[in-house]
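# Structural overview for review
Spelled out from the first residue to the last, the chains are:
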Amino acid sequence: MWVLLLLVAVTSAFPEASVHKFEGEKVFRVIPHNEQHVEVLKYLASNMQVDFWRPDSVAQVKMETTVDFRVEADICSEVESLLQQSEMDYKILIDNLQAALDGQFDNHVRSTGHEYEKYNKWEMIEAWTEDIAKQNPVLVSRSQIGTTFEGRPMYLLKVGKPGINKKAIFMDCGFHAREWISPAFCQWFVREAVRTYGKETTMSLLLDRLDFYVLPVLNIDGYVYTWSKSRMWRKTRSTNPGSSCIGTDPNRNFDAGWCTVGASKRPCDDTYCGSAPESEKETKALADFIRHHLSTIRAYLTIHSYSQMLLYPYSYSYDVTKNNVELNTLAKGTIKELATLHGTKYTYGPGASTIYPAAGGSDDWAYDEGIKYSFTFELRDTGRYGFALPESQIKPTCEETLIAVKHIALYVLEHEY
């Protein structure tokens, strides 16, 4: 067996001081066919610097499932040799991650203002939340639901025509910092809502009858860090007592089977569940808001990437929900509608069996709080670009996702409870 240098196994331990460059880093895709292959991946995870893209951690790796992971440049050849030696099927999805990240920005001339078909820094998004509310006072209002660990205000947009006893849909983006396509969609949704209201029948009906609570970025500190220090950062930026490793996975931090499966108790891991449910200021702010509005919120939509999946509870258990058949039928119809525009194929089903078991997720928590229609979107793509999705794909991704969200919203409207 190869003698390998023992390294810390997570992105969390990247140096804080300088900007992390990804020159020469590769993203591998493997499919383990037997237990020996699974053990090789566990060995890589514990002995080398491996950043799991799909699934989120080595603990969720199982036979005959696709595994994507990133490897630092200086050990790429060793990893490749080990995969060859173990006779594991593999391919290199991204040969030079820095080049792929540079390629995200289709036009290197960045405008000074906010753009819907570009990735926007947090400062731009923050200013946009104020502008869009000011420009559309009848349809959009902005409120602050909390502050992040680093003290940034968490702004929520309420989108809808003023009315009495209106039901609502809550939608959030930007849970995981590196999933840039997610916040892009929340911005796109709000723009399309105000742009097409009064002109397009479905959107007009939805905004007349429903309110949409839209949180453009939950994990703001992490998102800022992906622009300033390390593009592949995933977690929050909170400190962990007794550890030099930073951050908690906000989507393992909810009180839904918390830290029982698919989550780590180690602060250095990317799937660290936190010291307790809602230990993160960001997740507590979201949970508090939803608890205070449970009487009106009828659907919860959380937007992630990547994999092209539409998931519903449960992820923390293989148990099926009471309305599993209904959720399954709605998910099936939604992805069928999504595919009508660009032909993009999604898979769907309960989180645990469709992607992997993971406890502490916001969708499971919302469902257990009584929100019957709770869904997680995993947007484009299926791995060609992964977290480095180019800006040229923002428009088609958002267009098709908007169709899907409208489909769910119409269903919720027609099936009030």
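Please refer to the structure higher up on the page.
Let me begin by describing the structure that accompanies this report. Keep in mind that what you see is a predicted model, and the values were worked out from it rather than measured. (Residues numbered from 1 in each chain as written. Predicted model: local features only at pLDDT ≥ 70, side-chain atom pairs only at ≥ 80, totals over all residues. Heavy atoms only, no water.)

### Some details on the side chain of Ser57
Put simply, the test is: Strands are runs of DSSP state E lasting at least two residues, helices are runs of H or I lasting at least four, and both sets are numbered from the N terminus onward. Contacts between residues were defined by any pair of non-hydrogen atoms, one from each residue, lying within 4.5 Å.
Looking at the secondary structure, you find Ser57 in the loop between strand E2 (50-54) and strand E3 (67-71). Apart from the residues lying within four places of it in its own chain, the contact partners of Ser57 are Phe52 and Thr271.

### Some details on helix H5 (residues 181-196)
In plain terms, the rule: To estimate how far a helix should reach, multiply one less than its number of residues by 1.5 Å. Throughout this description, buried means an accessible area under 20% of the type-specific maximum (1.4 Å probe, protein chains only), exposed means over 50%, and partly exposed covers the range between.
Over its 16 residues, H5 extends 22 Å from the first C-alpha to the last, a length consistent with the 22 Å expected when each residue adds 1.5 Å. Of all 16 residues making up H5, 15 are buried, and the element is well covered by its neighbours.

### Examining the pairing of strand E8 (residues 210-215)
Rules: When DSSP locates at least two bridges between a pair of strands, those strands are taken to pair.
Along E8, six of the six residues are buried, which leaves the element largely enclosed by surrounding structure. Alternating residues of E8 divide into Leu210, Phe212 and Val214 and Asp211, Tyr213 and Leu215, and every residue in both groups is buried. Of the pairings in the sheet, the one linking strand E6 (residues 153-159) to E8 comprises three bridges and is antiparallel in character. When the bridges of E8 are listed, Lys158 appears paired with Tyr213. Taken together, the six bridges between strand E7 (residues 167-173) and E8 define a ladder with parallel strand orientation. Bridge assignment links Asp172 to a residue of E8, and that residue is Leu215.

### Some remarks on the sheet that holds E8
What counts here: Angular values range over 0 to 180 degrees, each being the angle between N-to-C directions of two axes fitted as lines to C-alpha atoms, with helices fitted over their stretch in contact.
What the eight strands build is an open sheet, ordered E5-E6-E8-E7-E9-E12-E10-E11; its pairing is mixed. Every interior strand has two partners, whereas the edge strands, strand E5 (140-147) and strand E11 (347-350), have only one. Averaged over all adjacent pairs, the angle separating strand axes in this sheet is 20 degrees, with direction ignored. Here six bridges tie E7 to strand E9 (residues 297-305), and the two strands are oriented parallel to one another. Paired with Ile169 across the strands is Ala299, a residue of E9. Lying over the sheet, helix H8 (residues 281-292) contacts E5, E6, E7, E8 and E9, oriented at roughly 130 degrees with respect to E5.

### A closer look at the packing of aromatic side chains
Applicable threshold: The aromatic pairing rule takes the rings of Phe, Tyr and Trp, using the six-membered ring of Trp, and pairs them if the centres are within 6.5 Å, calling planes under 30 degrees apart stacked, those over 60 edge-to-face and the rest tilted.
Scanning all chains against the criterion turns up 26 aromatic pairs. Relative to Phe289, the ring of Tyr213 lies with its centre 5.0 Å away and its plane at 80 degrees, an arrangement referred to as edge-to-face. Here Tyr213, found in strand E8, pairs with Phe289, found in helix H8; they are 76 residues apart in sequence, far enough to count as distant. Judged by relative accessible area, which is 11%, Phe289 ranks as buried. Ring geometry for Phe254 against Trp365: centres 5.6 Å apart, planes inclined by 45 degrees, an arrangement best described as tilted.

### Examining the pattern of salt bridges
To keep things clear, this is the line we draw: The term salt bridge refers to a side-chain nitrogen of Lys or Arg lying within 4 Å of a carboxyl oxygen of Asp or Glu.
Applying the stated criterion to the full structure yields 26 salt bridges. In this structure, Asp56 engages Arg234 in a salt bridge whose closest nitrogen and oxygen atoms are separated by 3.1 Å. You can see Asp56 sitting in the loop between E2 and E3 and its partner Arg234 sitting in the loop between helix H7 (220-228) and H8, a full 178 residues away along the chain. The exposure class assigned to Asp56 is buried, which follows from its relative accessible area of 13%. Ionic pairing is found between Lys372 and Glu326, a salt bridge with its closest N-O pair at 3.5 Å.

### A few points about the packing of helix H4 (residues 122-135) against H5
Let me state the cut-off plainly: Any angle between 65 and 115 degrees counts as roughly perpendicular, while under 35 counts as roughly parallel, over 145 as roughly antiparallel, and the rest as oblique. What makes a crossing left-handed is the near helix being turned counterclockwise from the far one by less than a right angle; a clockwise turn instead makes it right-handed. Any residue that is not Ala, Val, Leu, Ile, Met, Phe, Trp, Tyr, Cys, Pro, Asp, Glu, Lys or Arg is counted as polar, Gly included; the first ten are nonpolar and the last four charged.
The geometry of H4 relative to H5 is characterised by a closest axis approach of 12 Å and an angle of 15 degrees between their N-to-C directions. By the criterion of interaxial angle, the relationship of H4 to H5 is roughly parallel. The interaxial crossing formed by H4 with H5 has left-handed handedness. Listed contacts from H5 to Ile125, Trp128 and Ile132 of H4 are Cys186, Gln187, Val190, Arg191 and Val194. The class makeup of the residues in the contact of H4 with H5 is six nonpolar, one polar and one charged.

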